[in-house]
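So the chains spell out like this:
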Amino acid sequence: MRAGFPDFRLGNVLATSFTATLTERHGDAVERIPTPQRLVDWLAVYGLAVDSCTTAQLELARELRESIDVAATAAALQEALPTSAVQIINDRSTHGRAAAILTPEGKRQWQLGPASRVEDALSVIAADAIDIIAGERDGKLALCASPTCRAAFFDASQSRTRKWCDMNTCGNRQKKARFHASRRKHSGSAE
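Just so you know, these numbers come straight off a predicted model, no measurement behind them. (Residues numbered from 1 in each chain as written. Predicted model: local features only at pLDDT ≥ 70, side-chain atom pairs only at ≥ 80, totals over all residues. Heavy atoms only, no water.)

Asker: Honestly, unusual backbone geometry in this entry has me stumped. Any pointers?
Answerer: Comment: phi is negative for the bulk of residues other than glycine, and the bulk of peptide bonds are trans. Unusually for a residue other than glycine, Q78 sits at a positive phi of about 60 degrees. Along the polypeptide, Q78 turns up in the loop between α3 (55-76) and α4 (83-94). The class of Q78 is exposed, set by a relative accessible area of 75%. (Helix = DSSP H or I, 4+ residues; strand = E, 2+ residues; numbered from the N terminus. Buried < 20%, exposed > 50% of the residue type's maximum accessible area, 1.4 Å probe, protein only.)

Okay, here's the thing in C-alpha cells:
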C-alpha cells in the first residue's frame, strides 16, 4: 500500500469491502480512499483495474459507497430501503460497461469495458450490492457489534451469527477491551 495512507480493509464481498473504505463511521471516521489515485489502487486490488480517476469520479464512487452503506444497513435492520440510495445504486449499475465472464476454472470474473473507466468498475460494485441486498446470495446482512463501527457486512458463516465486520479489527478491539476490564475488576477486588 502507498505510504501515508491507512491500509485497506479487505474482505470477500466486493460491495461491503467497498463500504469499508470509510471505517469507524460512528467514531473517528477513517477515509481510506482520500484521493483519486487511492481509488484506482483499491479497484486494482479487487481486479477492477482502471486507467485513471478524476476527482468527479471519486465523488461518484463515494456517493455509491454511502448509498450501499445506507441500503445495506436498512436491509440488515429489515427496514425499508431508502429511495435515494436505491436510485444511486441502480444508476451506477446501469452506467458502466462491464461483463461477467467465465474463467477456465469455472469462476465468474468481471471484465471492464475497453477503456477501463471508473464508471465500469462502479457498475460491478453496484451489481454486487444489488445481489447481497436483494438476498441473491447464501448469507445475510448484519451490522458490526462495535459501537464506533456499526458497518454492514455480509455474514456467510455457517451459523450466520458473526458479530464483527472484521475479527482482526473490531472483534479484536472488543476482546481486548473485555480482557482489560476483567483484569481491572479482578485487580480492584484483590485490594
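Asker: How should the packing of aromatic side chains be read in this particular structure?
Answerer: Two aromatic rings are characterised by how far apart their centres lie and by the angle between their planes. What the rule picks out here adds up to two aromatic pairs. Between the aromatic rings of W42 and Y46, the centroid separation amounts to 4.5 Å while the plane-to-plane angle is 35 degrees, which identifies the pairing as tilted. With relative accessibility at 1%, the residue W42 sits in the buried group. The rings of F18, W42 and Y46 are connected pair by pair, giving a single aromatic cluster. It is R38 that lies over the ring of F8; its NZ or CZ is 3.8 Å from the centre. (Phe/Tyr/Trp six-rings, centres within 6.5 Å; stacked < 30°, edge-to-face > 60°. Lys NZ or Arg CZ within 6 Å of the ring centre and 35° of its normal.)

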